[in-house]
Amino acid sequence: MKPIRMVDLATQYQHIKSEIDSAIMNVLGHSGYINGPEVKAFQASLESYLNVKHVIPCANGTDALQVAMMALGLKPGDEVITASFTYVATAEVISLLGLTPVLVDVYPETFNIDPSAIEAAITPKTKAIVPVHLFGQCADMESIMDIARKHNLFIIEDTAQAIGAEYTFKDGSKKYAGTIGTVGTTSFFPSKNLGCYGDGGAIFTNDDALADNLRMICNHGQSKLYTHDVIGVNSRLDSIQAAVLNTKLKYLNEYTSHRVSLANAYDKVFANNSNLTTPKRSESSTHVFHQYTLKLNGVDRMGLKTYMESKGIPCMIYYPIPLHMQKAFKDERYKEGMFPVTEMLCSCVVSLPMHTEMDEEQINYVTSNLLNYLKN
Ligand SMILES: *Cc1c(COP(=O)(O)O)cnc(C)c1O
């Protein structure tokens, strides 16, 4: 059996090696490392895949969030609501820009932001909501969009973990994660569902004026060469990464279905086990299983992790400390116990290996060892 990893990018590369190598060699041949034709080509293929008017490639998923907030003209003092249970980047850029992060709790079943908590946190200073489509399925966008319309708020969807997830509205219409709100952001960090071989990110929008603004901010606030209209940043996707992404995008649907079939296999073995709660699938969103995350009931989590690791099976805890309990976000507004669902999840979640190269033998090995641990 091949060694089990959380993600296995080396094996994935072996399967598409000739295509990837020739895509990269092309860039070396023309040496247009920055803004080469691969960047435009990838932008166009992703626009068509996501059915969105504008994709603005940038350097990483954290920049994507930052540039989105800058382009929307958010100002110090403005409040931005986001989930207390997410990766730090989501909230970090809010603070970095001098905006006020307002954390709210999540649903215990889907791990995604709770719209009633959003509604309760709105003040006259609220300007935007950042729903995170955590672990691979969309937040409750129908309710979130209703709230945004009612209170005239921007929606910035953090789609770093959910590229390709599809949301179905009550009227039957469907949209991809990241193309529903005012603007969507994503990351192409190597281990994400669509990952490059370094850092990368992108911003999505259907708004032409906003797209111009996003492009300008990514490029030093430059409207024409050496004409700078606003203070921007330097955030680019380079040609080699774009070449890799354009190759891998062709496989994204295949990769996603493989992840879903692994999740189904995990679900089947863990169903009806009183020590485990399998991840709930939302009724309105597909799940692209960036992570397969269990909730443990009455199980010693560190004991389990150590046992699994002794069998050569990595497990990860996403995320062990809620944002409001992090030193960096220390704030008199926050106390332990304020976000009970987030705190409960941080104490009991565990994510199992999940990637495009996992096979049945490996899944069986993971599940049988996990069940073994629970028996003792
Ligand atoms: C990975 C991730 C990011 C940041 O992406 P980088 O490319 O690493 O900057 C932001 N938000 C979420 C939810 C993520 O998982």
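As shown above, the structure is provided for reference.
1. Things to note about the side chain of Q137
Tracing the backbone through its elements, the reader meets Q137 in the loop between β4 (126-130) and α6 (141-151). When its relative accessible area of 1% is taken as the criterion, Q137 is described as buried. One polar contact links the side chain of Q137 to the main-chain carbonyl oxygen of K280, over a distance of 2.8 Å. With residues near it in sequence (within four places) discarded, Q137 still touches T110, N112, A162, K280, R281, S282, S285, T286 and H287.

2. Things to note about the pairing of strand β5 (residues 154-158)
With 4 of 5 residues buried, β5 is to be regarded as a mostly interior element. One ladder, built from 2 bridges, connects β4 with β5; its direction is parallel. Among the inter-strand pairings, A128 is bridged to a residue of β5, identified as F154. Where the polypeptide runs from β4 across α6 and back to β5, its parallel neighbour, the crossover connection is right-handed. Bridge count between β5 and strand β8 (residues 183-187): 3 bridges; the pairing is parallel. Across the sheet, D158 pairs through a bridge with T185, a residue of β8.

3. Some words on the site of the ligand
Around the ligand, the neighbouring residues are N60, G61, T62, Y87, A89, T90, V132, D158, A160, Q161, S187 and K192. Between T62 and the ligand, the recorded distance is 2.5 Å, taken from a side-chain N or O atom to an oxygen atom. At 2.8 Å, a side-chain N or O of Q161 approaches an oxygen atom of the ligand. With the chains in place, 92% of the 380 Å² that the ligand exposes on its own is no longer accessible. Listing elements by their share of the shell around the ligand, those giving two or more residues are α3 (61-71) and α4 (88-96).

4. Some words on the sheet that holds β4
Taken together, 7 strands build an open sheet; the order of strands is β1-β9-β8-β5-β4-β2-β3 and the sheet is mixed. Each having just a single partner strand, β1 (54-58) and β3 (100-104) make up the two edges of the open sheet. Each strand of the sheet is rotated relative to its neighbour by a mean of 25°, with strand direction disregarded. Here β8 pairs with strand β9 (residues 201-205) via 4 bridges, running antiparallel.

5. So, the nonpolar core
F85, I118, M141 and I144 are the most contacted members of the largest nonpolar core, which has 40 residues in total. Those elements that provide at least two residues to this core are β2 (79-83), β3, α5 (115-121), α6 and α11 (340-348). Sort the elements by how many residues they give to this core and α6 lands first, with 5 residues. Counting contributing residues per domain, this core is built from domain 1 (9-249) and domain 2 (252-375), each supplying no fewer than three. Excluding anything up to four places from it in sequence, M141 contacts P131, H133, I155, E157, Y167 and I180. Membership of the second largest hydrophobic core comes to 25 residues, among which are V52, F188, L237 and L245.

6. With respect to helix α1 (residues 9-30)
In a regular helix each residue adds 1.5 Å, so 22 residues correspond to 32 Å; α1 covers only 27 Å between its end C-alpha atoms and thus falls short of that length. Remark: the principal bend of α1, roughly 80°, maps to I16. The complete set of buried residues in α1 reads T11, Q12, I16, I20, A23, I24 and V27. Residues of α1 that are buried in the fold lie against α2 (37-50), α8 (239-249) and α9 (252-270). Directly beyond the C-terminal end of α1, a positive phi value near 60° is found at S31.

Conventions and cut-offs
- Residues numbered from 1 in each chain as written.
- Predicted model: local features only at pLDDT ≥ 70, side-chain atom pairs only at ≥ 80, totals over all residues.
- Heavy atoms only, no water.
- Helix = DSSP H or I, 4+ residues; strand = E, 2+ residues; numbered from the N terminus.
- Buried < 20%, exposed > 50% of the residue type's maximum accessible area, 1.4 Å probe, protein only.
- Polar contact = N/O pair within 3.5 Å; in protein donor to acceptor, adjacent residues only side chain to side chain.
- Contact = heavy atoms within 4.5 Å.
- Pairing = 2+ DSSP bridges.
- Right-handed = clockwise from strand over helix to strand, strands pointing away.
- Near = heavy atom within 4 Å.
- Areas by Shrake-Rupley, 256 points an atom, 1.4 Å probe, with all protein chains shown as cover.
- Axes fitted to C-alpha atoms, helices over the stretch in contact; angles between N-to-C directions.
- Core = buried A, V, L, I, M, F, W, Y, C linked by side-chain atoms within 4.5 Å.
- Domains from an automatic or database assignment.
- Expected span 1.5 Å × (residues − 1).
- Bend = angle between axes of the 7 residues up to and from the residue.

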